[in-house]
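Residue-level listing of the chains:
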Amino acid sequence: MVYPYIPHTDEDRKRMLEAIGVGSIEELYASLTEDLLLSDSVPISHGRTEDEVLRMITAIAQRNSTGIPFLGCGCYDHLVPSTVQTLASLPSFVTAYTPYQAEMSQGLLQASYEFQSMICEITGMDVSNASLYDGANSAAEAATIMIGSKRKSKAVLVSGTLHPFTLQVLHTWALGTGNEIRVLEEKNGVTDLKSLHSALTDEVAGLIVQTPNRYGLLEDFSTVAEQLHEKGCLFAISSDILSLAIQKSPAEWGADIAIGDTQALGLPLAFGGPSCGYMAVTKALMRKIPGRIVGATVDGQGRRGYTLTLQAREQHIKREKASSNVCSNQALAALMTTIHLSSLGWSGMVEAAQQSYVKAHYLAYHLAQLPGMTLVWDVPFWCEFPLRFSDSKKMRKFLQELRNEGIFAGVRLSSLTRETKDELVLLVAVTEKRSREELELYLAAARRVMK
Amino acid sequence: MSEPLLIDKSKKGRKAYCFPALDLPRGFEQALPELPSHLLRIKPARLPEVAELDVVRHFTKLSTLSFGVDNGPYPLGSCTMKYNPKLGEQIAQFPAFTTMHPLQDISTSQGCLSIMYNLLEDLSSITGMSWGSLQPCAGAHGEYVGLKMIRAYFLERGEVARNKVLVPISAHGTNPASAVMNGFDVVTVASNKEGLVDIEDLKSKLDGSVAALMLTNPNTLGLFEKDILEISASVHECGGLLYYDGANLNAIMGMATPGDMGFDVLHLNLHKTFSTPHGGGGPGSGPVMVNDTLRPFLPKPDIELTDGGYVYTWDRPLSIGKVSMFWGNFLVLLRAYVYILRMGSEGIKAAAAHAVLNANYLKSKLEKHFDVPYGGVCMHEFVISCENLKKEYGITAQDMAKGLIDEGYHPPTMYFPTLVSEALMFEPTESESIETLDAFADSLISLLERAKKDPAYLKGAPYSTPVGRLDEVRAIKEPDLHY
């Protein structure tokens, strides 16, 4: 069989083997003893042509069905300009690797520098890296910074209102390391900050909170930074980055570390990945932030150029003394966010956030009028809100009937937490992308089911 | 040749995108109270205000100032910069995948689940392992997860004293860094004269405090650790486990499996071995695969096939838990699955065979002119040393690399592995033809001749790029990290 991805002809192989001085390719594998060499092909299917693969994948894709998504919980369906996918598909971006050779990678490096700049602008922080895997992993990296920043610390305090998956990733982070995650309980849908003071023991290195939180609710962090800094602790805030067009930025709350996902800015739902984690910190933490950082400098002729910098933090230089093991990040996803923000500008970002706010409140207001469902708490929210059903049968019927009409009505909180106390809570997300017609369709169906 | 920052082209009032007007009933927006003022943002962010064509020209220009596999040969050792089939790109744009929400009802996402399940089956077959998890987002993330499972395994057995991870000197930097992130102490294992694990040194370090040995096979010198069965038996005998860094699997896939070599857990780099694009540094994907010993510790949820279709299973008491936000970099998994479907069992074996053929062919051409400290047959990559060149002419590995840029090539990996001084590490991959390899070797050899006659020329390279060598010290001392 001839493989289009392998250019060798019989003649090529012959000439190459002669030049090497062996009789066959098998001879090149002589260092693999016979008990290691497979006698048969590995048990996967035979190769297929492009057309066969296309037909097969098209058939598999038909087992997916899409609806009008009112689903959020860390992954949102926002409007994305056509520039994003088109430009992010340019092959010199797609098929390059980490720009180790700066002179021939100025484009990628400059795009990263622009990404870092935008993240700093939006979060208000001093230093951003060039991306991390996702928001949950950014939180784990923030925990590492915290522990490394306070002597003899071994615990990181986290709010019980973190996204359930972020919380789970943090528990995994602590497993077997001697460090612990201590959860600050919630009250009325937000972090119970009254218990913060007593929780700040010497072992605690910092606090990680989230706003909008797991319920979509906006939290109030007045006086939190002061309390933490007084005890030598760091403060990290995780946010859906688009929400920062409306709500206070992490810097404005006095945070040391800003973390989260940029998915809301230009990335498709894509079954949850690739997303793109961001992390930005104060100047004091510049040499502790994990991952790639691009800096501007000059060449021998004084021309401005960009290069990977502050690499003394990184694994390929410092090995076991590195601040993190990050090597590959989410560069192309970060590029999509950069193109998205370049297209929207600040006014566009505010517009998307503001319309999401208004539309979510429109739906919430009308749903709250219906019998059998209530808004769980009277706390400000942005584009996502929790509804509590009076009974589970009704909830199942609601979800099923709306699905039949092509509406994905929300995410059951218990599908994330697996806790019975959350079984009757539905999280509903509304973005600027949902048209009036789609909102009315949702409401009409809801009225029918809940009457 | 350079491109200004987009923010410097900004002009107040320009727009590159317009949102539809809000069309809710009149009065609703007016009646809606604003958020409490103490929650509101104070300072606006400074972002570009430009027209759509400005955005298009800016990023198109930036793409011309970048270099990928589609632009030319990219023999970056240990990174497997092979061709990324366009079929994968086409399929990854299908709305039936891009518009899927990770939390939609499982009855509506059976297509995605089937791809993940079948990919796991194929990866299990290719690696000789029992099962795996697709959640890790990159190779280093996979290492972190694999070592976390090893940690959990020993905790479960009450063997809390196993606190050491052995790492050969030739290992990737991520290996020791991942070990430390899991609270392990790193112990370095020496290499012998042949560039392989020094078995005597290894055995002297094996005791009840060892949790695991991390090994890349073939190693970063491009050599197959031929005594791997003895190595794995020794580690297992002392109660430790074996971790396989899959960065170099491209040399042996379809030929041999890490499972047969005795490894207990490994990660794969789908963006290397399985041809998904590197994206300028990511997103990659780093699935972890395990044998039966470690299977209970895999991240959750698992995916199972039941009579009612594919389901997630969360009830896994020994699992280390979740390791990423959702299910992994799905669109990368999809591309890797497409590659495996396309190549099939014979195709992946052919890929390995030709990667090894290409590396040996290129080495045979270069070794007449350059020092190859660890000679003999190599696998998919090999390392030359510019040490003598440096001594005689003052020409370093970096100088040679920069010279190659002017010739239209991406340079090989520089200064790694550290075992070889002034190292250049070449991995041509199976994608390149004999003509490309001939031309590449000729370029490198003529650069060498020029370097000997006129060292100053190479010291000034590259000349064809928008900037020359950059002042790295200034970048560190006077950090300029944002506009």
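Residues numbered from 1 in each chain as written. Chains lettered and ligands numbered in written order. Predicted model: local features only at pLDDT ≥ 70, side-chain atom pairs only at ≥ 80, totals over all residues. Heavy atoms only, no water.

Side note on the overall build of chain B
Thought 1: Helix and strand counts for chain B come out as 17 helices and 12 strands.
Thought 2: For chain B, whose C-alpha radius of gyration is 26 Å, the value lies close to the compact-globule estimate of 23 Å for 483 residues.
Thought 3: Among the 483 residues that make up chain B, the fraction classed as buried is 66%.
Thought 4: Counting only contacts in chain B whose residues sit at least 6 apart along the sequence, the fraction spanning at least 24 positions is 69%.
Thought 5: Element-wise, carbon and sulfur atoms account for 51% of the exposed surface of chain B, whose accessible area totals about 15,700 Å².
Thought 6: Computed over 43 positive and 56 negative side-chain charges, the separation of the two mean positions in chain B equals 7 Å. (Helix = DSSP H or I, 4+ residues; strand = E, 2+ residues; numbered from the N terminus. Rg over C-alpha atoms; globule rule 2.2 N^0.38 Å. Buried < 20%, exposed > 50% of the residue type's maximum accessible area, 1.4 Å probe, protein only. Contact = heavy atoms within 4.5 Å. Areas by Shrake-Rupley, 256 points an atom, 1.4 Å probe, with all protein chains shown as cover. Lys, Arg positive; Asp, Glu negative; His and termini not counted. Charge placed at Lys NZ, Arg CZ, Asp CG, Glu CD.)

Notes on the pattern of salt bridges
Thought 1: In this structure the tally under the stated criterion is 35 salt bridges over all chains.
Thought 2: Across the salt bridge formed by Lys433 of chain A and Asp77 of chain A, the nearest N and O atoms sit 3.0 Å from each other. You can see Lys433 of chain A sitting in the loop between strand 17 (425–429) and helix 15 (436–450) and its partner Asp77 of chain A sitting in the loop between strand 1 (68–69) and helix 4 (82–88), a full 356 residues away along the chain.
Thought 3: According to the relative accessible area criterion, Lys433 of chain A is partly exposed, its value standing at 33%.
Thought 4: On the basis of relative accessibility, which here comes to 12%, the residue Asp77 of chain A falls in the buried class.
Thought 5: Between Lys402 of chain B and Glu103 of chain A there is a salt bridge; the shortest N-O distance is 2.8 Å. Taken as a pair, Lys402 of chain B in helix 14 (residues 397–406) and Glu103 of chain A in the loop between helix 5 (91–94) and helix 6 (106–123) lie in two separate chains rather than in one.
Thought 6: Since its relative accessible area comes to 5%, Lys402 of chain B is described here as buried. (Salt bridge = Lys/Arg side-chain N within 4 Å of Asp/Glu carboxyl O.)

As for the environment of Ser435 of chain A
Thought 1: Structurally, Ser435 of chain A can be placed in the loop between strand 17 and helix 15.
Thought 2: On a C-alpha basis, the gap between Ser435 of chain A and Asp378 of chain A in space is 26 Å, while along the polypeptide they are 57 residues apart.

Focus: unusual backbone geometry
Thought 1: Following Asn217 of chain B, the chain continues to Pro218 of chain B via a peptide bond in cis, the omega torsion being 0 degrees.
Thought 2: Gly282 of chain B connects to Pro283 of chain B through a cis peptide bond whose omega is -5 degrees.
Thought 3: In this model, Arg418 of chain A sits at a positive phi of 55 degrees, which is unusual for a non-glycine residue.
Thought 4: For Arg418 of chain A, a relative accessible area of 47% translates into the label partly exposed.
Thought 5: The phi angle at Thr80 of chain B is positive, at roughly 45 degrees, despite the residue not being glycine.
Thought 6: Looking at the element boundaries, Thr80 of chain B is found in the loop between helix 2 (52–64) and helix 3 (86–91).

Notes on the domain arrangement of chain B
Thought 1: The domains assigned to chain B are domain 1 (6–36 + 45–64), domain 2 (88–342) and domain 3 (349–459).
Thought 2: Here the C-alpha centre of domain 3 of chain B lies 48 Å away from the C-alpha centre of domain 1 of chain B. (Domains from an automatic or database assignment.)

Focus: the pairing of strand 2 (residues 164–168) of chain B
Residue and element names in this part refer to chain B.
Thought 1: Buried residues dominate strand 2, accounting for four of its five residues.
Thought 2: Looking at chain direction, strand 2 and strand 3 (residues 185–189) are connected through five bridges and run parallel. Bridge pairing links Lys164 to Asp185 in strand 3.
Thought 3: A crossover connection joins strand 2 to the parallel strand 3 through helix 7 (residues 174–181); in handedness this β-α-β unit is right-handed.
Thought 4: As paired elements, strand 2 and strand 4 (residues 210–215) share three bridges and run parallel to each other. The residue bridging Val165 from the neighbouring strand is Ala212, located in strand 4. (Pairing = 2+ DSSP bridges. Right-handed = clockwise from strand over helix to strand, strands pointing away.)

A short note on the sheet that holds strand 13 (residues 373–375) of chain A
Sheet strands associate in pairs through backbone hydrogen bonding, adopting either a parallel or an antiparallel arrangement.
All names here are of chain A.
Thought 1: Spatially, four strands are ordered 13-14-17-16 in an open sheet, and the strand pairing comes out antiparallel. A strand with exactly one partner marks an edge of an open sheet, and here the two such strands are strand 13 and strand 16 (411–412).
Thought 2: Contacting strand 13, strand 14 (384–389), strand 16 and strand 17, helix 13 (residues 392–404) runs over the sheet at an angle of about 30 degrees to strand 17. (Axes fitted to C-alpha atoms, helices over the stretch in contact; angles between N-to-C directions.)

Looking at helix 1 (residues 10–20) of chain A
An α-helical turn contains 3.6 residues, so a residue and the one three or four places further along point in the same direction.
Thought 1: When we look at burial in helix 1 of chain A, the residues that qualify are Asp12, Met16, Leu17 and Ile20 of chain A. Looking straight down helix 1 of chain A, one finds its buried side chains confined to an arc of 125 degrees; they lie on one side. In helix 1 of chain A, those exposed residues whose orientation departs by more than 90 degrees from the buried face are Asp10, Lys14 and Glu18 of chain A.
Thought 2: Looking at the buried side of helix 1 of chain A, the elements it contacts are helix 2 (25–28) of chain A together with helix 12 (330–366) and helix 15 (434–453) of chain B.
Thought 3: Phi turns positive one or two residues past the end of helix 1 of chain A, at Gly21 of chain A, with a value near 95 degrees. (Arc of directions from axis to C-beta.)

What to know about the side chain of Gln210 of chain A
Residues and elements named next belong to chain A.
Thought 1: Relative to the assigned elements, Gln210 resides in strand 7 (residues 204–210).
Thought 2: Since its relative accessible area comes to 10%, Gln210 is described here as buried.
Thought 3: Of the polar contacts made by the side chain of Gln210, one reaches the backbone nitrogen of His163; its length is 2.8 Å.
Thought 4: At a separation of 3.1 Å, a polar atom in the side chain of Gln210 contacts the main-chain carbonyl oxygen of Pro212.
Thought 5: Beyond its immediate stretch of four places on either side in the chain, Gln210 contacts Thr161, Leu162, His163, Glu219, Phe221 and Ser238. (Polar contact = N/O pair within 3.5 Å; in protein donor to acceptor, adjacent residues only side chain to side chain.)

What about the interface of chain B and chain A?
Thought 1: Of the residues lining the interface, 204 residues belong to chain B; the matching set on chain A comes to 186 residues.
Thought 2: Interface area for chain B against chain A, summed over the two sides, is near 16,800 Å², with a carbon-plus-sulfur share of 65%.
Thought 3: For the interface between chain B and chain A, the tally reads five salt bridges.
Thought 4: Here Arg304 of chain A ties to Asp480 of chain B by a salt bridge, and the two come within 3.4 Å at their closest N and O atoms.
Thought 5: For the pair chain B and chain A, the interface holds 84 residue pairs in polar contact (both at pLDDT 80 or more).
Thought 6: A per-element tally of the side of chain B that touches chain A places helix 12 of chain B first, with 26 residues.
Thought 7: Classifying every residue of the side of chain B that touches chain A gives 119 nonpolar, 54 polar and 31 charged. (Buried area = accessible area lost by both parts, 1.4 Å probe. Nonpolar A, V, L, I, M, F, W, Y, C, P; charged D, E, K, R; others polar.)

Some thoughts on the environment of Pro479 of chain B
Thought 1: One can find Pro479 of chain B in the segment after helix 17 (472–477).
Thought 2: The class for Pro479 of chain B is partly exposed, based on a relative accessible area of 34%.
Thought 3: Leaving out residues up to four positions away in the same chain, Pro479 of chain B has contacts with Met286 and Arg287 of chain A together with Arg474 of chain B.

Describing the pairing of strand 10 (residues 277–281) of chain A
One face of the sheet, then the other: side chains in a regular strand alternate in exactly this way.
Residue and element names in this part refer to chain A.
Thought 1: With respect to burial, strand 10 is a largely interior element, five of its five residues being buried.
Thought 2: Judged by which residues are buried, strand 10 turns out to be covered on both faces: Gly277, Met279 and Val281 on one side and Tyr278 and Ala280 on the other are all buried.
Thought 3: Pairing between strand 2 (residues 127–128) and strand 10: two bridges, direction antiparallel. The residue of strand 10 that forms the bridge with Ser128 is Ala280.
Thought 4: The pairing of strand 9 (residues 257–261) with strand 10 spans five bridges and is classified as antiparallel. In the sheet register, Ile259 faces strand 10, and the bridge partner there is Met279.

Side note on the state of the cysteines
Thought 1: Scanning the model with the defined rule gives zero disulfides over all chains in all.
Thought 2: In this structure Cys120 of chain A is not part of a disulfide, and its nearest cysteine sulfur, from Cys276 of chain A, lies 14 Å away.
Thought 3: The closest cysteine sulfur to the non-disulfide-bonded Cys378 of chain B is located on Cys79 of chain B, 17 Å from its own sulfur. (Disulfide = S-S within 2.5 Å.)

Observations regarding a positive patch on the surface
Thought 1: On the surface, a cluster of positive charge is contributed by Lys393, Arg396, Lys397, Arg412, Arg418 and Lys451 of chain A.
Thought 2: With three residues, helix 13 of chain A is the largest single contributor of residues to the positive patch. (Patch = residues over 30% accessible without salt bridge, like charges linked within 9 Å, V, L, I, M, F, W, Y side chains within 5 Å.)

Examining the packing of helix 7 (residues 135–149) of chain A against helix 8 (residues 164–174) of chain A
Residue and element names in this part refer to chain A.
Thought 1: Running from amino to carboxyl end, helix 7 crosses helix 8 at an angle of 45 degrees, the nearest separation of the two axes being 8 Å. Comparing their axes, helix 8 and helix 7 come out oblique. Crossing hand, helix 7 versus helix 8: right-handed. For the pair formed by helix 7 and helix 8, the contact residues are Ala136, Asn137, Ala139, Ala140, Ala143, Thr144 and Ile147 on the first element and Thr166, Val169, Leu170 and Trp173 on the second.
Thought 2: In the contact of helix 7 with helix 8, the residues fall into eight nonpolar, three polar and no charged. (Parallel < 35°, antiparallel > 145°, perpendicular 65-115°, else oblique. Left-handed = near helix turned anticlockwise from the far one by under 90°.)

Side note on the nonpolar core
Thought 1: Ranked by size, the top nonpolar core spans 306 residues in total, and within it Ile208, Phe235, Phe398 and Tyr442 of chain A together with Phe97, Ile150 and Phe274 of chain B carry the most contacts.
Thought 2: With residues near it in sequence (within four places) discarded, Ile208 of chain A still touches Ala139, Ala142, Ala143, Met146, Val156, Leu157, Val158, Ser159, Leu162, Leu170, Ala236 and Ile259 of chain A.
Thought 3: Of all hydrophobic cores here, the second largest spans 25 residues; its members include Ile384, Tyr409, Leu444 and Ile445 of chain B. (Core = buried A, V, L, I, M, F, W, Y, C linked by side-chain atoms within 4.5 Å.)

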